[in-house]
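Each chain, letter by letter, is given below.
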Amino acid sequence: MSAVAAEASTGRYETIRIADPVARPTKIAAKEVYVHYGAKEALHHVSIDIPAQAVTAFIGPSGCGKSTFLRCFNRMNDTIENCRVDGVLDMEGEDLNDHSLDVVLLRARVGMVFQKPNPFPKSIFENIAYGPRIHGVAQDKAHLQEIVETSLKKAGLWEEVKDRLNEPGTGLSGGQQQRLCIARAIAVSPEVILMDEPCSALDPIATAKVEELIGELRQNYTIIIVTHSMSQAQRVSQRTAYFHLGYLVEEGPTESIFNNPQEKRTKDYITGVFG
Amino acid sequence: MASTAETPALAGAPSPRSNRDVVEQNLARRHRNEAIFRFTGLGAILVGIALVGVLFGSILIKGVPAFTQATMTLEVDFDPEIINIPERPVLQASQSVAEYEQALLSWRRRLAFVNWNKVIQASLAKVLPAAADNARDAAGMIASGERIKLRDMVEADPSIVGTTQAVSLVAAANVDVWLKGNIDRTLPQHMQQLSKLQQEWSDELYQRGVISMAFSTALFTNVDSRSSPATAGLLGAIVGSVMMMLIVLVVAVPIGVMAAIYLEEFAPKNRLTDLIEVNINNLAAVPSIVFGLLGAAVFINFLGLPLSAPIVGGLVLSLMTLPTVIIASRASLRAVPPSIRQAALGVGASPMQAMFHHTLPLAVPGMLTGAIIGVAQALGETAPLLLIGMNAFVASVPSTPMEQSSALPVQIYLWQGNELRNFFEARTSAAIIVLLAVMITLNALAIFLRNRFERRW
Amino acid sequence: MNTLIVIAVILIVLSLVYQWGASTSRSVARSAGVKMHSRPVYYGLLLVLWCAIPAAVVYVLYSLFAPTIINSMILSYLPADVAGDPQARVSAMSRIQNLASGFGALGDVPDYERQAARALTSLRWTANLAIVALVAVVGVLGTLFARSRIGPEYRARNRVEWAIKALLITCSAIAILTTVGIVLSVLSEALRFFTFVNPIDFFFGTVWNPRFSSTGSGGQGDFGLLPLLWGTIMITIIAMLVAVPVGLMAAIYLSEYAGAKFRFISKPLLEVLAGIPTIVYGFFALVTVGPFFSGIGAALGLDVQATSAFTAGIVMGIMIIPFVSSLSDDIISQVPQTMRDGSYGLGATRSETIRKVILPAALPGIVGAFLLAVSRAVGETMIVVLAAGNSPVLTANPFEAVSTVTVTIVNQLTGDTDFASPQSLVAFALGLTLFVITLCLNVVAIYIVKKYREQYE
Ligand SMILES: Nc1ncnc2c1ncn2[C@@H]1O[C@H](COP(=O)(O)OP(=O)(O)OP(=O)(O)O)[C@@H](O)[C@H]1O
Ligand SMILES: [Mg+2]
């Protein structure tokens, strides 16, 4: 039964939800999120709980609204002129979608890594120092250097770049650039990191490094990742959500989604019948 | 591998959430800076727009009043006592054309030597009896160029001698200045332009409606004049400018379009075409006055073409406009998607056929826009024209591009330098309004064409 | 009227030739039973080219040389004393022309004039007949030659396309020729100037006082470039101080803050400033801005002259605002969106993103744009001619009158056809200086902008 048909028969489509075997605290609870681009509704009443200190993967065919939903978490949709987001995104009692909430502060707490590595045309050091500087986090030069160093270490990049911190960030390889972008996001100590297909522009070795990094980061951060790679979702995530045509079809523990999908479309997608 | 090996958190990692307070502290300051920056940007645009307003406003305020001018309607007696001339000669069979011309010339000379001031004085005396005794003051009331108007009337139809005709005559510039309040009426008499008597007459005639503010047709139907500022007009300048625009259209546009076609579609990519490319971009940024030097040295000094002639001006402006046309034409050729070209080549057309049958028709609107903008730019250009002698005083309408002529922007330059400031400031502004009106029309046409034919691929 | 008939006849003949070529190719194909290499159109066009081009060449050669030859033949009719005296010769020749054209001449007509006129009339007849016949013969021969080559194998299309390509290449070459023409003409006249004045005295002289060429023997005058160059630099600096902040901030607001609607309205409004002719700015500076500043100066107890470096610089800055803003707008929108996303994703405000990410990324392009703006300011003429005060002295006070390179070019060359005195030749030395300065600025700027564009392509 297609989502549209389901909606026609029951009035609305209900997401299939499977609880976690181990209970995790919820970091963000999205309730009834709708997104419109102009008159077009791109996301229909999406509700999901994002667990803390874990990796949640969004999967689904192209154009189903994964990126759109991801961008709701740090209000990057604000930068798109005709985009409107309705609904509640409750992060520990605060509604992220409340327009009285300061996006600057929000984005310091919810960082983002993009599909294509996008280092600034500055030195490696300046790339990392950018966030702490604008937020006034660093007390002095030594502190700033310390932040840069720890961030690069956490991103697993320190050994590779420690001798050339003053060289331009655009001179690194693609995989290094993406890890630089992750380090840049970490440097402002966010609570949540959003990643939109972070490995789609990388080769397998660089991808493996980034995946390993994600595995380490989830100890301290809540991570949401959008990916087109089933195997990547299985490797890095604890929970998975499957989107289709703007509907959240099914969400649950990664293992259960991949081994025992409830919905036919989820099954077709992960077994590669379509998508 | 959802269950990655648990690695202990790195030592010394700042615990999440610890930065929140710091960030919050700075927020107010950062948002303030943001607002300041934003308003500076908005301010910059508003300043720019305000400047457009001030510029247009100041020119309109000064120039619009000059489109109407103090004009008197008088009953003019074409008194045969004063206009004492023989019959107009006609070509006789026994005469050569040269002899007839000679006779006509001497008849015209007789006509020109008629004391027209006396005719004017007499007709003025009909409304102002005092004018009969004050010849000088009376003559000073009417623009001196209007004597020519009376003469032309008689020349066109000698039979009006002996009749009385209602003629509207442009008042002298000083009368116009006085009535429009462009001179301080409280100035002591020795600093005034009108005599005491003339001041009284002007006011009186204005009140009686003999003098009224009428549309200044002289501005459009007369050529420049030094002796009679009130009847100085733009006709010669307009005709000169139109001639130059036509030359630019005929010379720069085809050459520019063809050069663009070659460079964009056929030129091999090599050092030479790179050089041409840099050369054209540079030429577009060369100061216009340098083109004037080129014109002076090549067209006038070397080729011996006449000074102040629209042909020289047109050629100089064509060279100046050429890069603009080439750049715009290339851009519009480039905007045609390669798929169209490839489709044509795919069905066996030669590159030349693909170009002329498929690409070029699609690029024409863009090229046209570029051409119009180029012509508008050439229309407003002044500096190069000064160097080829177009700032000479020319009181005739050119009938061929080889004759001496003025041009609109140059006429503005000449008028702004006229010593009769309080009259010519307004007249110059009026000339500017005419120039701007033409330019804005051209640009609006270009924008219209662009919007009308703009395609999205 | 005559010309129209001639043009019509030529067009009819050419279209007949075209038809002949096309139909020949069809009949050749039919009789040989093969397919022609090209479509009939090309055989027709080829015949037209072969008919028209040689005939046109012959006609051009005739019109270049015939008048001189005829003239010299007529000269032989004049008695030695008339032919020897240039003035008498010119007047005799013009009388002869008038007699020959049937207009007639006044006074006694000497015999030799009558004879010469008769000779001229018959010469003209023969010459006209001869050229018409010659053109016709050449056209027919060309057509027949091309006709004889028509065959199934003959690649007419390639020949026609070759001819078109040659035309296109010629047009592109004109752009290059313009530059060569500028360099050669300006350079050669400048070199002539340097035979009068030592280049060292020119380039490093601190006094500008060229005197008039008519004052004759009283020495050469001083031709020191530095006061003019300094005036140019001072005005350029003031102009850039106005144009860069306003233009750049306007560009930033338009590209980063403004909504589509605001942009749609305000951008063209700002661009209006770019379309206004510089003579209008000059007039605005002279009658509005200058007096305004000197009024403010007087109120503050400062001596501010109405025409000064300050007035000219401010108004020139206003003129350059849209130039800076539209170039910067282009450059800024080339910075990829991912760069902005990266910064916003970290929690930067818009102004932080602009100042710390976008502007540094766009810096090279913006520098290029500024250099182009400087080049424009340096070469600008009319504003400074009207508003800078024309006083070539070395002064550091922007409120005093100065002069510039461009103003001096205009002053030294306008209306002056005398290319022999240093007083007018100096204009070319100044023009050369100006050309070299702007050339350097343009080439560097164009290079920087090009490299910048490639970086983000
Ligand atoms: N800026 C926009 N304006 C209008 N529509 C948009 C915009 N961005 C996305 N959309 C539409 O919203 C829908 C969801 O887009 P989204 O980018 O979220 O898909 P996605 O799941 O991330 O796809 P992909 O896997 O290809 O990245 C699509 O139909 C898309 O066309
Ligand atoms: Mg996406």
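As a starting point, this report considers the structure included with it. Since this is a predicted model, take the numbers as computed values, not measurements.

Turning next to helix α12 (residues 337-345) of chain C. Residue and element names in this part refer to chain C. Across the nine residues of α12, seven count as buried, placing the element largely inside the fold. Residues M339, R340, D341, G342, S343, Y344 and G345 constitute the buried set of α12. Backbone geometry just downstream of α12 places G347 in the positive-phi region, at approximately 95°.

The next thing to look at is the interface of chain A and chain C. Each side of the interface is counted separately: chain A has 22 residues, and chain C has 19 residues. Considering only the side of chain A, the residues that lose the most area to chain C are P121(A), Y130(A) and I134(A), jointly responsible for 30% of the buried surface there. For the interface between chain A and chain C, the tally reads zero salt bridges. Where the side of chain A that touches chain C is concerned, the elements lending two or more residues are α3 (103-109), β7 (110-113), α4 (124-135) and α7 (174-186) of chain A. Along the lines of polarity and charge, the residues of the side of chain A that touches chain C split into 13 nonpolar, five polar and four charged.

Tallying the contact residues gives 85 residues for chain C and 79 residues for chain B. Where chain C abuts chain B, roughly 7100 Å² becomes buried across the two surfaces, and 78% of that area is made up of carbon and sulfur atoms. Applying the counting rule to chain C against chain B returns one salt bridge. The closest approach of N and O atoms between E352(C) and R30(B), which form a salt bridge, is 2.8 Å.

What follows deals with the site of ligand 1. Residue and element names in this part refer to chain A. Neighbouring ligand 1 are 13 residues; S62, K66, S67, T68 and H228 lie closest to it. At 2.4 Å from an oxygen atom of ligand 1 is found a side-chain nitrogen or oxygen belonging to T68. For ligand 1, an oxygen atom lies 3.3 Å from a polar atom in the side chain of E197. Against a free-state accessible area of 630 Å², the protein chains account for coverage of 66% of ligand 1.

Here we come to a nonpolar patch on the surface. A surface patch of nonpolar side chains, amounting to about 760 Å² of accessible area, comprises I53(C), V57(C), V60(C), L61(C), L64(C), F65(C), I69(C) and M73(C). Its place among the elements puts I69(C) in helix α2 (residues 40-75).

Further remarks concern the pattern of salt bridges. Per the counting criterion, the structure on display carries 39 salt bridges over all chains. Here R341(B) and E265(B) are joined by a salt bridge, their closest N and O atoms 3.1 Å apart. Highlighted residues: R341(B) in helix α13 (residues 338-346) and E265(B) in helix α9 (residues 235-266), separated in sequence by 76 residues. A single salt-bridge network, built from bridges that share partners, covers K27(A), E92(A), E94(A), R109(A), E191(A), R20(B) and E24(B).

Let's shift gears to the packing of helix α8 (residues 226-257) of chain C against helix α9 (residues 260-275) of chain C. Two measures define how a pair of helices packs: the angle their axes make with one another and the distance between the axes. All names here are of chain C. Axis separation between α8 and α9 bottoms out at 10 Å; the angle between their running directions is 155°. Considering the angle they form, α8 stands roughly antiparallel to α9. At the point where α8 passes α9, the crossing takes the left-handed sense. For the pair α8 and α9, the contacting residues are A250, Y253, L254 and S255 in the first and F262, R263, S266, K267 and L270 in the second. Split into classes, the residues belonging to the contact of α8 with α9 amount to five nonpolar, two polar and two charged.

Between its first and last C-alpha atoms α9(C) spans 23 Å; for 16 residues at 1.5 Å apiece the expected length is 22 Å, and the two agree. Those residues of α9(C) that fall on the buried side of the exposure criterion are S266(C), L270(C) and L273(C). Buried residues along α9(C) sit in contact with α1 (20-63) of chain B together with α8, α10 (278-300) and α11 (309-334) of chain C.

Analysis parameters
Residues numbered from 1 in each chain as written. Chains lettered and ligands numbered in written order. Predicted model: local features only at pLDDT ≥ 70, side-chain atom pairs only at ≥ 80, totals over all residues. Heavy atoms only, no water. Buried < 20%, exposed > 50% of the residue type's maximum accessible area, 1.4 Å probe, protein only. Helix = DSSP H or I, 4+ residues; strand = E, 2+ residues; numbered from the N terminus. Contact = heavy atoms within 4.5 Å. Buried area = accessible area lost by both parts, 1.4 Å probe. Salt bridge = Lys/Arg side-chain N within 4 Å of Asp/Glu carboxyl O. Nonpolar A, V, L, I, M, F, W, Y, C, P; charged D, E, K, R; others polar. Near = heavy atom within 4 Å. Polar contact = N/O pair within 3.5 Å; in protein donor to acceptor, adjacent residues only side chain to side chain. Areas by Shrake-Rupley, 256 points an atom, 1.4 Å probe, with all protein chains shown as cover. Patch = residues over 30% accessible without salt bridge, like charges linked within 9 Å, V, L, I, M, F, W, Y side chains within 5 Å. Axes fitted to C-alpha atoms, helices over the stretch in contact; angles between N-to-C directions. Parallel < 35°, antiparallel > 145°, perpendicular 65-115°, else oblique. Left-handed = near helix turned anticlockwise from the far one by under 90°. Expected span 1.5 Å × (residues − 1).

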